[in-house]
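Commentary on secondary and tertiary structure
Chain residues, written in single-letter form:
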Amino acid sequence: MKSDPTLLTLEALDRGPRARHAFFTREGGVSEGIFDSLNCGFGSSDAKDAVAENRERAMAGLDIEPDRLVTLYQVHSAEAVVVERPWKPGEGPKADAMATNRPDVVLGILTADCAPVLLADPDAGVIGAAHAGWKGALTGVLESVVAAMTSLGGDPARIAAGIGPCIAQASYEVGPEFEARFLAADPASAAFFERNAESGRPHFDLKGYAARRLERAGVGSVQVMAEDTCAEEARFFSYRRSCHRKEGDYGRGLSAIRLAP
């Protein structure tokens, strides 16, 4: 993994010059207060001009104009769409994953504890991106993005996937009803829960669960970042941390991938 103060990359996605990607931290932007500083979410109550400037700075890191960036109206679904042309902020469809073979499009995912997943089949010239919260992961968003990439000529065996910064198991305490939902869908999901030694409550491994779903979908290479968005306040936004503090809102981190011309 390579990094600088504002973005992270994964070796699995750095195979050749066709695809460029970045998992951006919260650093390097212009937002203030609880949105300090690279908040890229227009869905937040942050100043729109600040969010637009932050997105422009992020796209400069990928050497492309900011109007090439597309983000979705994320609803924690299993829906994936094929992107044929850029759209304006706020005009994205309700979905949680997308794929494209267009070099003039940057696929962007916004997260604040959920897992951002970026995917590439450089040989086919196809990329994908997914927002994998627990609900989307459980209901099949990762399989959906692989299917969308396959519809454009991608081959799952050639696809490399990177799971970016998200909440880690140590920070992700859940209730018994949460665990029961996963076990009802697949008893083998028990491997992704462990009990807190003091409280006895389960903790969920979202990263590991998402990686297994990708592997079961036939993805050839999966790499996972170790960072914990909830625990690393200086580097990442966190919905859970914001809720604990009753802050009322939170910033959204951007993860993005593009094809070279």
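Here, the structure is the one placed above.
Since the structure is predicted, the reported quantities are computational estimates derived from the model, not experimental observations. (Residues numbered from 1 in each chain as written. Predicted model: local features only at pLDDT ≥ 70, side-chain atom pairs only at ≥ 80, totals over all residues. Heavy atoms only, no water.)

**So, the sheet that holds strand S6 (residues 97-100)**
- Taken together, six strands build an open sheet; the order of strands is S5-S6-S9-S8-S10-S13 and the sheet is mixed. The strands lining the two open edges of the sheet, one partner per strand, are strand S5 (80-82) and strand S13 (221-224). Across the sheet, the axes of successive neighbouring strands diverge by a mean angle of 15°, strand direction being ignored.
- As paired elements, strand S10 (residues 160-163) and S13 share four bridges and run parallel to each other. (Pairing = 2+ DSSP bridges. Helix = DSSP H or I, 4+ residues; strand = E, 2+ residues; numbered from the N terminus. Axes fitted to C-alpha atoms, helices over the stretch in contact; angles between N-to-C directions.)

**A look at helix H5 (residues 206-216)**
- Judged by how many residues are buried, H5 sits mostly within the fold: nine of eleven residues are covered.
- Inspection of H5 places Leu 206, Lys 207, Gly 208, Tyr 209, Ala 210, Ala 211, Arg 212, Arg 213 and Leu 214 among the buried residues, and these make up the whole buried set.
- Positioned one or two residues after H5, Gly 218 has a phi angle of 90°, which is positive. (Buried < 20%, exposed > 50% of the residue type's maximum accessible area, 1.4 Å probe, protein only.)

**Remarks on the pairing of strand S9 (residues 126-132)**
- Extensive coverage of S9 is indicated by the burial of seven of its seven residues.
- Burial along S9 is two-sided: Val 126, Gly 128, Ala 130 and Ala 132 and Ile 127, Ala 129 and His 131, pointing in opposite directions, are all buried.
- Two elements, S6 and S9, share four bridges in a ladder whose sense is antiparallel. Pairing of Thr 100 across the sheet is with Ile 127, part of S9.
- Connecting strand S8 (residues 115-121) to the antiparallel partner S9 that follows it, the hairpin turn spans four residues, and Gly 125 within it adopts a positive phi of roughly 70°.

**Considerations on the nonpolar core**
- Of all hydrophobic cores here, the largest spans 35 residues; its most connected members are Val 117, Leu 119, Leu 142, Phe 204 and Leu 214.
- At the level of secondary structure, the elements contributing two or more residues to this core comprise S6, S8, S9, helix H2 (134-139), helix H3 (141-151), S10, helix H4 (176-185) and H5.
- Ranked by residue count, the leading element in this core is H3, at six residues.
- Non-local contacts of Leu 119, meaning those with residues more than four positions away in its chain, are made with Leu 13, Ile 127, Gly 128, Ala 129, Val 145, Val 146, Met 149, Ile 159, Ala 160, Ala 161, Leu 214 and Ile 257. (Core = buried A, V, L, I, M, F, W, Y, C linked by side-chain atoms within 4.5 Å. Contact = heavy atoms within 4.5 Å.)

**Remarks on H3**
- Listed as buried for H3 are Val 141, Leu 142, Val 145, Val 146, Ala 148 and Met 149. The buried residues of H3 all sit within an arc of 160° when viewed along its axis, so they share a single face.
- Along its buried surface, H3 packs onto S5, S6, S8, S9, H2 and H5.
- Positive backbone phi, at 105°, marks Gly 153, one or two positions downstream of H3. (Arc of directions from axis to C-beta.)

None of the figures reported here should be taken as evidence of function without further support.
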